[in-house]
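Here is what each chain is made of, one letter per residue.
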Amino acid sequence: MHFLDQAKIFVRSGAGGAGAVSFRREKFIEFGGPDGGDGGKGGDIVFEAVPGLNTLIDFRYTQHFRAPRGKGGAGSNRTGAGGEDLVIKVPVGTQILADDEDRTLLADLTVDGEQVVLLKGGLGGRGNASYKSSTNRAPRQHQTGEAGEEMWVWLRLKLLADVGLVGLPNAGKSTFLNSVTNASAKVGDYPFTTLRPQLGVVRHKGREFVLADIPGLIEGAAEGAGIGDRFLGHVERTRLLLHLIDGAAEDPVDAWRIVRGELEGYGAGLDDKAEIIALTKADLVDDKRRSKIAKALEKESGAKVYPVSAPLEEGLDPLLDTIIEQLGSAAEAVDQPAEEGTWSPL
Ligand SMILES: Nc1nc2c(ncn2[C@@H]2O[C@H](COP(=O)(O)OP(=O)(O)OP(=O)(O)O)[C@@H](O)[C@H]2O)c(=O)[nH]1
Ligand SMILES: [Mg+2]
């Protein structure tokens, strides 16, 4: 599955149906009055957040969404049928932004099942029956339906995870994700193995939380170096950052500083988020060096450092315990596992 975190789409609500002009014509009723019914209302454009999706890829193939118009009114005071609302399904965490310079936020769908009416369908026009009065008993007036509304909007997905993994490329982020979750992220012995974010669910001691793996950061990412910082948006909404540092690297303290610098450069409160630090690849260094590095890192960061070896599953429990503890009630069991595969925006 490709990852797409942004898409531009066109939406239009349905126009209202026209009001009818009609007069009652029946045998033995000489002056049947006006009986043209009103037109039906056009369909709304509605967005709905659905669980189990973490991409906007489908919007690359379907970009135009038009709700049907209302039906016209008819004789015998029949009101036209309303156009059905068009419900567009988007992943939880999708923001709807205007296509203006500031990308004004129009809606933010953060809860499963949440619905937002973005565009209202046009009202149906009045039929001639509604113009009848004591002075005008045979009106021919009627209205066409109100036009629908239309606009281009941007959809932007900011994944909703509890914990975001950050670190330099090759720090072992994806390896970690794979060992503690059901995910099967690509792992490689080279930088930038991960090109798109991935989520996994961690189950630990009866609790659950969602972990997001994003591409590695390098010095200058905030200015676009490497894959840049464009995926940091996905950890903007996490409660915690889990900062992984390659324990077998030459200068782990410097690695920590570089990533902290990029988090600050990005802004959006990332550098204020609680950070938990783990030293990866603990199996590759001897005890002496490991405790030396951990001490140096603790001194520099002021935080406790957790040595881990994800492939050997060593050191994971104390780290996960801390995460659960810091997440507090946010880590409570989430039911309904996501179903993938059969999804389409409509
Ligand atoms: N021995 C050992 N190797 C590890 C450990 N964790 C990761 N590796 C190896 O380190 C390399 C990089 O791991 P990845 O998980 O792909 O690193 P990443 O941080 O996701 O890298 P990018 O996606 O490129 O940013 C791979 O060859 C892994 O097998 C570990 O705890 N011990
Ligand atoms: Mg990776």
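Our structure's up above, just so we're on the same page.
Bear in mind the structure is a predicted one, so any value in this text is a computation, not a measurement.

Student: How should the site of ligand 1 be read in this particular structure?
Tutor: Neighbouring ligand 1 are 22 residues; Thr175, Phe192, Thr193, Thr194 and Asp283 lie closest to it. At a separation of 3.4 Å, an oxygen atom of ligand 1 approaches a polar backbone atom of Gly216. Residue Asp283 places a side-chain N or O atom 2.8 Å away from a nitrogen atom belonging to ligand 1. Expressed as a share of its isolated accessible area of 640 Å², the protein-covered part of ligand 1 is 87%. Residues that form the shell around ligand 1 fall into these classes: nine nonpolar, nine polar and four charged.

Student: Can you help me understand the nonpolar core in this one?
Tutor: When a protein is soluble and globular, its nonpolar side chains tend to lie buried together. Counting 25 residues, the largest nonpolar core has Val163, Phe176, Phe209, Leu211, Leu242, Leu319 and Ile323 as the members making the most contacts within it. Those elements that provide at least two residues to this core are strand 9 (163-166), helix 1 (173-180), strand 11 (207-213), strand 12 (240-246), strand 13 (274-280) and helix 4 (316-327). Element by element, the count of residues in this core is highest for helix 4, at six residues. Setting aside its immediate chain neighbours within four residues, Leu242 contacts Val163, Gly164, Leu165, Val166, Phe176, Ile276, Ala278, Leu319 and Ile323. Within the second largest apolar cluster, 24 residues are counted, among which are Phe65, Leu86, Ile96 and Leu109.

Student: Sorry, what's going on with the environment of Glu26 here?
Tutor: Here Glu26 is to be found in the loop between strand 1 (6-12) and strand 2 (45-50). Between the C-alpha atom of Glu26 and that of Thr194, which follows or precedes it by 168 residues, the distance is 76 Å.

Student: Can you help me understand the sheet that holds strand 10 (residues 198-204) in this one?
Tutor: In a beta sheet, neighbouring strands are held together by backbone hydrogen bonds and run either parallel or antiparallel to one another. Read from one edge to the other, the open sheet built from six strands follows the order 10-11-9-12-13-14, with strand pairing classed as mixed. The open sheet has two edge strands, strand 10 and strand 14 (305-307), and neither has a second partner. Averaged over all adjacent pairs, the angle separating strand axes in this sheet is 30 degrees, with direction ignored. As judged from the four bridges shared by strand 9 and strand 12, these two strands associate in the parallel manner. In the strand pairing of strand 12, Gly164 is matched with Leu241. Here helix 2 (residues 252-266) sits on the sheet and contacts strand 9, strand 12 and strand 13; the angle it forms with strand 12, its principal contact strand, is near 145 degrees. Of the strands in this sheet, strand 12, strand 13 and strand 14 are in contact with helix 3 (residues 287-301), which crosses strand 13 at around 165 degrees.

Student: Looking at this model, I keep getting lost on the pairing of strand 2. Mind explaining?
Tutor: Along any regular strand the residues' side chains alternate between the sheet's two faces. Strand 2 sits mainly inside the fold: six of its six residues count as buried. The side-chain alternation of strand 2 yields two buried faces, one formed by Ile45, Phe47 and Ala49 and the other by Val46, Glu48 and Val50. Where strand 2 lies against strand 4 (residues 86-91), six bridges are found, and the strand directions are parallel. Residue pairing across strands places Ala49 opposite Val90, the latter belonging to strand 4.

Student: Sorry, what's going on with the environment of Gly73 here?
Tutor: Among the secondary structure elements, Gly73 is positioned in the loop between strand 3 (64-66) and strand 4. The class for Gly73 is buried, based on a relative accessible area of 17%. Leaving out residues up to four positions away in the same chain, Gly73 has contacts with Ala18, Ala20, Gly37, Asp38, Gly39, Arg78, Thr79 and Gly80.

Student: Please explain unusual backbone geometry as it appears in this structure.
Tutor: A negative phi angle is the norm for most residues apart from glycine, just as the trans form is the norm for most peptide bonds. Of note in the backbone geometry, Ala268 takes a positive phi value of approximately 55 degrees without being a glycine. You can see Ala268 is positioned in the loop between helix 2 and strand 13. Positive phi outside glycine occurs at Lys281, with the angle close to 55 degrees. Structurally, Lys281 can be placed in the loop between strand 13 and helix 3.

Student: Can you walk me through the coordination of the magnesium ion (ligand 2) in this structure?
Tutor: Coordination angles at a metal have ideal targets, namely 109.5 degrees for four tetrahedral donors and 90 or 180 degrees for six octahedral donors. For the magnesium ion (ligand 2), the protein coordination sphere consists of Ser174 (OG) and Thr194 (OG1), at 1.9 to 2.1 Å. In this pair, Ser174 is assigned in helix 1 and Thr194 in the loop between helix 1 and strand 10, connecting sequence segments 20 residues apart. Each of the two residues, Ser174 as well as Thr194, counts as buried.

Cut-offs applied
Throughout, residues of each chain are indexed from 1 in the direction in which the sequence is written. All chains are assigned letters beginning with A, and all ligands numbers beginning with 1, in the order in which they are written. Per-residue local features are limited, in this predicted model, to residues with pLDDT of at least 70; the limit for side-chain atom pairs, both in listing and counting, is 80 or more; totals at the level of whole chains, interfaces and linings are taken over all residues. Note that water and hydrogens are dropped before the side-chain values are worked out from all heavy atoms of the structure. Throughout, the term near means that a residue has one or more heavy atoms lying within 4 Å of the molecule or strand in question. Under the rule applied, a polar contact is a pair of N or O atoms within 3.5 Å (in protein, one hydrogen donor and one hydrogen acceptor; residues adjacent in sequence only if both atoms are side-chain atoms). Reported accessibility uses the Shrake-Rupley method at a 1.4 Å probe radius. Residues are deemed covered only where the shown protein chains occlude them. Just so you know the grouping, Ala, Val, Leu, Ile, Met, Phe, Trp, Tyr, Cys and Pro go in nonpolar, Asp, Glu, Lys and Arg go in charged, and all remaining residues, Gly too, go in polar. Put simply, buried Ala, Val, Leu, Ile, Met, Phe, Trp, Tyr and Cys residues joined by side-chain atoms within 4.5 Å make one nonpolar core. Per-residue accessibility, obtained with a 1.4 Å probe over protein chains only, is compared with the maximum for each type, and a residue is labelled buried under 20%, exposed over 50%, and partly exposed between these values. Comment: elements are numbered from the N terminus, with helices defined as DSSP H or I runs of at least four residues and strands as E runs of at least two. Throughout, a contact is declared for two residues whenever any of their heavy atoms are within 4.5 Å. Two strands pair under a simple rule: DSSP has to find at least two bridges between them. Orientation is described by axes fitted as lines to C-alpha atoms, over the contacting stretch for helices, and by angles from 0 to 180 degrees between their N-to-C directions. Here the term donor refers to an N, O or S atom within 2.8 Å of the metal (or 3.2 Å for Na, K and Ca), and because water is left out of the atoms, sites may appear incomplete.

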